[in-house]
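# Report on the structure
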Amino acid sequence: MFQIRQAAEHVYCIEDVFDIRIYQDIKFTLNNIDWKYSQQTNPDSDAVYEPGYFATQFYQYCVKDKTFTYPTSDIFQTIMVPFLDFVQGTSMQARVPIRLKANLYPRTDKIFQHEKHLDYFNYETREHFPWLNSFPITNMVYMVNDNDGGTEILDTSEGDIMIPSKQNTAVIFNNQFWHKSSTCTNKKARITINFNFL
């Protein structure tokens with residue numbers, strides 16, 4: 001059974017998110033998918049150096065080119081359904097998925113933190129679209145494997161919080177929080193799944 005700890009206002013850490021069978025199925029599936037290389041984690045960044053990473057989109061509507069990525073039936077059953085079930089909890093109200101993707105950050109000689117980002121839009125620059133502030137997006141970062149990397153949530157009620165990468169744990173937080181991902185040094189790669197939903 002999962003355990004929830006409130007790390008700060010609107011920031012929740014969850015241990016043992018899925019039972020061992022679901023966790024093993026997710027891990028097996030991620031070991032057998034095609035990964036796409038990306039040179040940077042933040043396309044709007046002007047950083048001189050940033051290590052690339054591998055990602056795969058399972059489910060997303062791309063506003064830029066008006067395309068929709070659907071999961072295969074296997075991905076839908078193995079990954080998407082457990083994530084939807086988890087965030088819905090015991091509520092009869094369905095959560096609306098926006099994006100589900102996996103990230104693979106190759107090992108680096110020393111831990112490298114990527115630049116801060118928001119998964120979707122900057123609320124401070126969208127005041128001329130007031131309805132965007134009326135539908136807060138929730139982010140879930142799920143840690144697939146143990147490693148010495150982590151996800152840092154910035155400017156919370158408890159200051160900046162580093163969530164270590166421990167397998168089968170997650171951090172759930174409001175999209176208004178800037179955050180950073182990182183690489184790791186003690187495993188071949190750091191693997192996470194990002195789930196954004198309403």
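What comes next is a walk through the structure.

Rules and cut-offs
- Residues numbered from 1 in each chain as written.
- Predicted model: local features only at pLDDT ≥ 70, side-chain atom pairs only at ≥ 80, totals over all residues.
- Heavy atoms only, no water.
- Helix = DSSP H or I, 4+ residues; strand = E, 2+ residues; numbered from the N terminus.
- Buried < 20%, exposed > 50% of the residue type's maximum accessible area, 1.4 Å probe, protein only.
- Areas by Shrake-Rupley, 256 points an atom, 1.4 Å probe, with all protein chains shown as cover.
- Pairing = 2+ DSSP bridges.
- Core = buried A, V, L, I, M, F, W, Y, C linked by side-chain atoms within 4.5 Å.
- Contact = heavy atoms within 4.5 Å.
- Polar contact = N/O pair within 3.5 Å; in protein donor to acceptor, adjacent residues only side chain to side chain.
- Arc of directions from axis to C-beta.
- Phe/Tyr/Trp six-rings, centres within 6.5 Å; stacked < 30°, edge-to-face > 60°.
- Bend = angle between axes of the 7 residues up to and from the residue.
- Patch = residues over 30% accessible without salt bridge, like charges linked within 9 Å, V, L, I, M, F, W, Y side chains within 5 Å.
- Salt bridge = Lys/Arg side-chain N within 4 Å of Asp/Glu carboxyl O.

A tally of regular secondary structure across the protein chain gives three helices and 12 strands. For the protein chain, the proportion of its 198 residues judged to be buried stands at 47%. Carbon and sulfur atoms form 52% of the exposed surface of the protein chain, whose accessible area is close to 11,300 Å².

Spatial ordering of the open sheet is given by 9-8-11, a layout of three strands whose pairing is antiparallel. A strand with exactly one partner marks an edge of an open sheet, and here the two such strands are strand 9 (159-164) and strand 11 (179-180).

Attention shifts here to the pairing of strand 9. For strand 8 (residues 150-156) and strand 9, the ladder comprises five bridges, and the chain directions are antiparallel. By the bridge assignment for strand 9, glutamate 152 is matched with methionine 162. Hairpin connection between strand 8 and strand 9: a loop of two residues separates the two successive antiparallel strands.

The next point concerns the nonpolar core. In terms of nonpolar packing, the biggest core is built from 30 residues, with Leu30, Ile79, Phe83, Leu100, Met140, Tyr142 and Ile193 touching the most fellow members. Listed by contribution, the elements that provide at least two residues to this core are helix 1 (20-30), strand 4 (53-62), helix 2 (73-88), strand 6 (97-106), strand 7 (138-143), strand 10 (169-174) and strand 12 (189-197). If you tally residues by element for this core, the top one is helix 2, at seven residues. Apart from the residues lying within four places of it in its own chain, the contact partners of isoleucine 193 are Ile26, Leu30, Ile79, Phe83, Leu100, Lys101, Ala102, Met140, Val141, Tyr142 and Val144. Ala7, Ala8, Met143 and Phe177 belong to the second-largest nonpolar core, a separate cluster that totals 12 residues.

Within the secondary structure, asparagine 194 is located in strand 12. In terms of polar contacts, asparagine 194 uses its side chain to reach the side chain of asparagine 103, at 3.3 Å. Apart from residues lying up to four places away in sequence, asparagine 194 is in contact with Arg99, Leu100, Lys101, Asn103, Asp119, Met140 and Val141.

Moving on, we come to helix 1. Listed in full, the buried residues belonging to helix 1 are Ile22, Tyr23, Ile26, Thr29 and Leu30. The buried residues of helix 1 occupy one face: seen down the axis, they fall within an arc of 130°. Exposed positions of helix 1 whose direction lies more than 90 degrees from the buried face are Ile20, Arg21 and Phe28. Looking at the packing, one finds that the buried side of helix 1 touches strand 4, helix 2, strand 6, strand 7 and strand 12.

Time to look at the environment of phenylalanine 28. Topologically, phenylalanine 28 is positioned in helix 1. Placed 50 residues apart in sequence, phenylalanine 28 and threonine 78 show a C-alpha to C-alpha distance of 9.7 Å.

Moving on, we get to the packing of aromatic side chains. Within a pair of aromatic rings, the relevant descriptors are the distance that separates the centres and the angle that separates the planes. Per the counting criterion, the structure on display carries 11 aromatic pairs. Aromatic side chains phenylalanine 18 and phenylalanine 86 sit 6.1 Å apart centroid to centroid with 70° between the ring planes, which places their arrangement in the edge-to-face category. Of this pair, phenylalanine 18 sits in the loop between strand 2 (11-15) and helix 1 while phenylalanine 86 sits in helix 2, and the two are 68 residues apart along the sequence. Each member of the pair, phenylalanine 18 as well as phenylalanine 86, carries the same accessibility label: buried. Linked through ring pairs, Phe2, Phe18, Phe83, Phe86, Tyr142, Phe195 and Phe197 together constitute an aromatic cluster.

Turning our eyes to something else, we now look at the side chain of asparagine 196. Tracing the backbone through its elements, the reader meets asparagine 196 in strand 12. A polar atom in the side chain of asparagine 196 sits 2.9 Å from the side chain of aspartate 119.

What follows is about helix 2. The principal kink in helix 2, of about 40°, is found at methionine 80, preceding the proline proline 82 by one to four residues. Considered for burial, the residues of helix 2 that qualify are Ile75, Thr78, Ile79, Met80, Pro82, Phe83, Leu84, Phe86 and Val87. Glycine 89 sits one or two residues past helix 2 and shows a positive phi near 65°.

Taken together, Met1, Phe2, Ile4 and Tyr12 make up a surface patch of nonpolar side chains, about 460 Å² in accessible area. Note on placement: phenylalanine 2 falls in the segment before strand 1 (3-8).

What is shown is where atoms sit, not what they do.
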